[in-house]
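Summary of structural features
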Amino acid sequence: MNMLNNRDYMLDLCVRMAHHSTAIEGNTLSQDETASIILDGFLHFRASEREFYEVRNYRLAMPFFVDSLKSDKPLNAELIKSLHALIMKDLHDEAGHFKKLENMVVGANFEPTKPYLVPTAIKEWCENLYY
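Residues numbered from 1 in each chain as written. Predicted model: local features only at pLDDT ≥ 70, side-chain atom pairs only at ≥ 80, totals over all residues. Heavy atoms only, no water.

Observations regarding the overall build of the protein chain
The test is simple: What counts as a helix is a DSSP run of H or I of at least four residues, what counts as a strand is a run of E of at least two, and both are numbered from the N terminus. Partly exposed describes any residue whose relative accessible area lies between the buried limit of under 20% and the exposed limit of over 50%, with all areas from a 1.4 Å probe on protein chains only and scaled to the type maximum. For this analysis, residues touch if any pair of their heavy atoms sits within 4.5 Å. Accessible surface is estimated by sampling points in the Shrake-Rupley manner with a 1.4 Å probe; for residues, cover comes only from the protein chains shown. His is not counted here, nor are the chain ends, while Lys and Arg score as positive and Asp and Glu score as negative. To locate a charge, take NZ of a lysine, CZ of an arginine, CG of an aspartate or CD of a glutamate.
Along its length, the protein chain carries 5 helices and 0 strands. With respect to the three principal axes, the spread of C-alpha positions in the protein chain is 45 × 40 × 25 Å. Per-residue burial for the protein chain yields a buried fraction of 28% across its 131 residues. Contacts in the protein chain between residues at least 24 apart in sequence constitute 45% of all its contacts with a sequence separation of at least 6. When the accessible area of the protein chain is evaluated, it comes to approximately 9,300 Å², of which 56% is carbon and sulfur surface. Side-chain charges of the protein chain comprise 14 positive and 19 negative groups, with the mean position of each set lying 3 Å from the other.

And the structure:
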């Protein structure tokens, strides 16, 4: 059985990915609430608009992501930016673009890539991935 063609598997994967990935960023929705958004397209409970969009966008991005895996095209900056545009839809004005401002990760012992270095770093990362 090819799991990439199994609709129930993909929906379950989408719910779990959306729930855990957004929770890392501070989203407070439960897995059941996340499933309501992914499976039904709405939330039966109160949630912030941001939390709703964060989860909903996974449903938009998953088919794109799976299709890109099936295409055997190598990962590249344009594909990453397209996926970012879907994940950040209705959330961020810079959706689909590399960062223009510096950021920091609180509690981390590393310095994030400077904005002007991101395009080169992503290109090198993608090339190294296929090396």
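Once you've had a look at it, read on.
So, the packing of aromatic side chains
For clarity, the threshold we go by: Pairs were defined over the aromatic rings of Phe, Tyr and Trp, the Trp ring being its six-membered one, requiring ring centres within 6.5 Å. Orientation was assigned from the angle between planes: stacked under 30 degrees, edge-to-face over 60, tilted for the rest.
All chains considered together, the criterion is met by 1 aromatic pair. On the numbers, 5.7 Å between centres and 65° between planes, the contact of F52 with Y53 is edge-to-face.

Concerning the packing of helix 2 (residues 31-40) against helix 3 (residues 49-70)
Note the cut-off: Axes here refer to lines fitted to C-alpha atoms; in helices the fit is confined to the stretch in contact. Angles between the N-to-C directions go from 0 to 180 degrees. The scheme is simple: roughly parallel for angles under 35 degrees, roughly antiparallel for over 145, roughly perpendicular for 65 to 115, oblique for anything else. The hand of a helix crossing depends on one turn: near helix anticlockwise from the far one by less than a right angle means left-handed, and clockwise means right-handed.
One way to put it is that helix 2 packs onto helix 3 with a least axis distance of 9 Å and a crossing angle of 50°. Classified by the interaxial angle, the pair formed by helix 2 and helix 3 is oblique. As helix 2 packs across helix 3, the resulting crossing turns out to be right-handed. Facing T34, I37, I38 and L39 of helix 2, the residues of helix 3 in contact are F52, V55, R56, Y58 and R59.

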